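Structural description and commentary
Residue-level listing of the chains:
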Amino acid sequence: MSWKPYALDEKARQLVKNALEGDKGIKDAKKQAFKESYKMRETVVYGLERFWGEAKRHDESSALAKYWKATWDVLVETLEKAEVKLPKHNDVAAMADKLWQLKREDQQVALAVLTQLCDCMVWWTQRYKNDAKQ
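Computed from a predicted model, the values in this text were never measured in an experiment.

Attention now moves to the confidence of the model for the protein. The predicted model of the protein averages 84 in pLDDT, with 84% of residues at 70 or higher. Confidence, expressed as mean pLDDT per element, reaches its minimum in the protein at helix 2 (residues 36–44) with 86 and its maximum at helix 5 (residues 92–100) with 92. The low-confidence segment residues 25–30 (pLDDT under 50) makes nine contacts with residues lying over four places distant or belonging to another chain.

Have a look at this one:
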């Protein structure tokens, strides 16, 4: 596996910025989409299926669900450039099965890219933290 940047830092910056702008009540503890990048990074270690499933855990109209889904969509788009195709499914059990059926190498590439994307998102969350308090 060779390393390629795929502009992950810029994609992460845009995801965090969009979360900040789309979650106007960010100072309210109930509005935590902006803060979710920390949870995203923690979830990566549990695998692709758990990361994907987090968007389903929240009400799909919520800022939290939208942030998780937007992050997954960026991952899918990025991996397509690396010729790794992630399955698409709406059913949680079916999607988990499909993700586990990926070739081991594709799973490793996907997790490596997702880890880096989330690390970048955590950095940008820290960078924009003071902007959110204004």
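From this point, things continue past the structure.
The subject of this paragraph is the pattern of salt bridges. One pass over the structure, following the stated rule, counts five salt bridges. We note a salt bridge from Arg13 to Glu10, for which the minimum N-O separation is 2.9 Å. Highlighted residues: Arg13 and Glu10, both in helix 1 (residues 8–22), separated by three residues, approximately one helical turn. Linking Lys39 and Glu36 is a salt bridge whose minimum nitrogen-to-oxygen distance equals 3.5 Å. Linking Lys39 with Glu36, this pair stays in helix 2, spanning three residues, or about one helical turn. Residue classification places Lys39 among the partly exposed positions, given a relative accessible area of 40%. Among the residues examined, Glu36 registers a relative accessible area of 2% and is labelled buried.

Quick look at the side chain of Glu36 now. In terms of polar contacts, Glu36 uses its side chain to reach the side chain of Trp68, at 2.7 Å. Not counting chain neighbours up to four residues away, the residues in contact with Glu36 comprise His58, Leu64, Tyr67 and Trp68.

Our next topic: unusual backbone geometry. Look at Glu83: it is not a glycine, yet its phi comes out positive at around 60 degrees. Mapping Glu83 onto the fold places it in the loop between helix 4 (63–81) and helix 5.

Turning our attention to the nonpolar core. One finds Leu48, Trp72 and Leu86 to be the most contacted residues of the largest nonpolar core, which totals 34 residues. The greatest single-element share of this core, amounting to 10 residues, is contributed by helix 6 (residues 104–132). If sequence neighbours within four positions are ignored, Trp72 has contacts with Leu48, Phe51, Trp52, Leu86, Met95 and Leu99.

What counts as what
- Residues numbered from 1 in each chain as written.
- Predicted model: local features only at pLDDT ≥ 70, side-chain atom pairs only at ≥ 80, totals over all residues.
- Heavy atoms only, no water.
- pLDDT = per-residue confidence, 0-100.
- Helix = DSSP H or I, 4+ residues; strand = E, 2+ residues; numbered from the N terminus.
- Contact = heavy atoms within 4.5 Å.
- Salt bridge = Lys/Arg side-chain N within 4 Å of Asp/Glu carboxyl O.
- Buried < 20%, exposed > 50% of the residue type's maximum accessible area, 1.4 Å probe, protein only.
- Polar contact = N/O pair within 3.5 Å; in protein donor to acceptor, adjacent residues only side chain to side chain.
- Core = buried A, V, L, I, M, F, W, Y, C linked by side-chain atoms within 4.5 Å.

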